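So you can see what is in the structure, the chains are spelled out below.
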Amino acid sequence: QVQLVESGGGLVQAGGSLRLSCAASGRIFSINVMGWYRQAPGKQREMVADITSGGRTNYADSVKGRFTISRDNAKNTVDLQMNSLKPEDTAVYYCNADMARTWNSGMWPYWGQGTQVIVSS
């Protein structure tokens, strides 16, 4: 059973910081892109940031300069450091990873259960 487990959400005041962590576990052959998405009430899920196995990063315009994504390929983890948080960052944050369970199983997207981030004004 392959799974992604997130941690680190919570309540923070505007201008504050939070760090989200996600660990992939189970039978994993390889991981390609890992990333973070978020979904606010009444809105569609959106990409926040992602990172390739080679370290190339991609950010949503709304978080550039405030959020930093990083990963540890040896530990199969991906983190999201969130600084200068704004009330509009309030959402459930989901970890995502494209993973292959075996050499010939192909890459499939996996999702974590989500962690709530609330930024108060």
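Refer to the structure printed above.
About the criteria used
Residues numbered from 1 in each chain as written. Predicted model: local features only at pLDDT ≥ 70, side-chain atom pairs only at ≥ 80, totals over all residues. Heavy atoms only, no water. Helix = DSSP H or I, 4+ residues; strand = E, 2+ residues; numbered from the N terminus. Buried < 20%, exposed > 50% of the residue type's maximum accessible area, 1.4 Å probe, protein only. Contact = heavy atoms within 4.5 Å. 1 Å grid on protein atoms, 1.4 Å probe; cavity = no way out; pocket = protein on both sides within 12 Å on 5 of 7 lines; lining within 4 Å. Points joined across faces, edges and corners; volume = space filled by probe spheres on them. Nonpolar A, V, L, I, M, F, W, Y, C, P; charged D, E, K, R; others polar. Pairing = 2+ DSSP bridges. Disulfide = S-S within 2.5 Å.

Student: Now, about the environment of Leu11: what can you tell me, with residues and values included?
Tutor: Within the fold, Leu11 resides in strand β2 (residues 10-13). Residue Leu11 is classed as exposed on the basis of its relative accessible area, which comes to 64%. Those residues in contact with Leu11, other than ones at most four positions away along the chain, are Ile118 and Ser120.

Student: Now, about the layout of surface pockets: what can you tell me, with residues and values included?
Tutor: In this structure, the largest pocket encloses a volume near 180 Å³. Classifying every residue of the lining of the largest pocket by side-chain character gives two nonpolar, four polar and seven charged.

Student: Give a detailed account of the pairing of strand β8 (residues 77-82), specifying residues and quantitative values.
Tutor: With five of six residues buried, β8 is to be regarded as a mostly interior element. Bridge analysis of strand β3 (residues 18-25) against β8 gives six bridges, and the strand direction is antiparallel. Within β8, the position partnered with Leu18 by the bridge is Met82. Sheet analysis places strand β7 (residues 67-72) next to β8, joined by six bridges and oriented antiparallel. Of the residues in β8, the one forming a bridge with Ser70 is Asp79. Between the antiparallel neighbours β7 and β8 lie four residues, among them Asn76 with a positive phi of about 60 degrees.

Student: I'd like a description of the state of the cysteines, backed by residues and values.
Tutor: Per the counting criterion, the structure on display carries one disulfide. A disulfide bridge connects Cys22 with Cys95, and the sulfur atoms are separated by 2.1 Å. Every disulfide takes its handedness from the sign of the S-S torsion; for Cys22 and Cys95 that torsion is -80 degrees, giving left-handed. Remark: Cys95 occurs in strand β9 (residues 91-100) and Cys22 occurs in strand β3; sequence separation between them is 73 residues. The class for Cys22 is buried, based on a relative accessible area of 2%. Judged by its relative accessible area of 0%, Cys95 is buried.

Student: So what about unusual backbone geometry? Which residues, and what values?
Tutor: The backbone of Asn76 sits at a positive phi, close to 60 degrees, despite the residue not being glycine. Following the sequence through the fold, Asn76 ends up in the loop between β7 and β8. Its relative accessible area of 23% is what places Asn76 among the partly exposed residues. Positive phi is not limited to glycine here, since Ser84 has a value of about 50 degrees. Counting through the fold element by element, Ser84 comes out in the loop between β8 and β9. When its relative accessible area of 41% is taken as the criterion, Ser84 is described as partly exposed.

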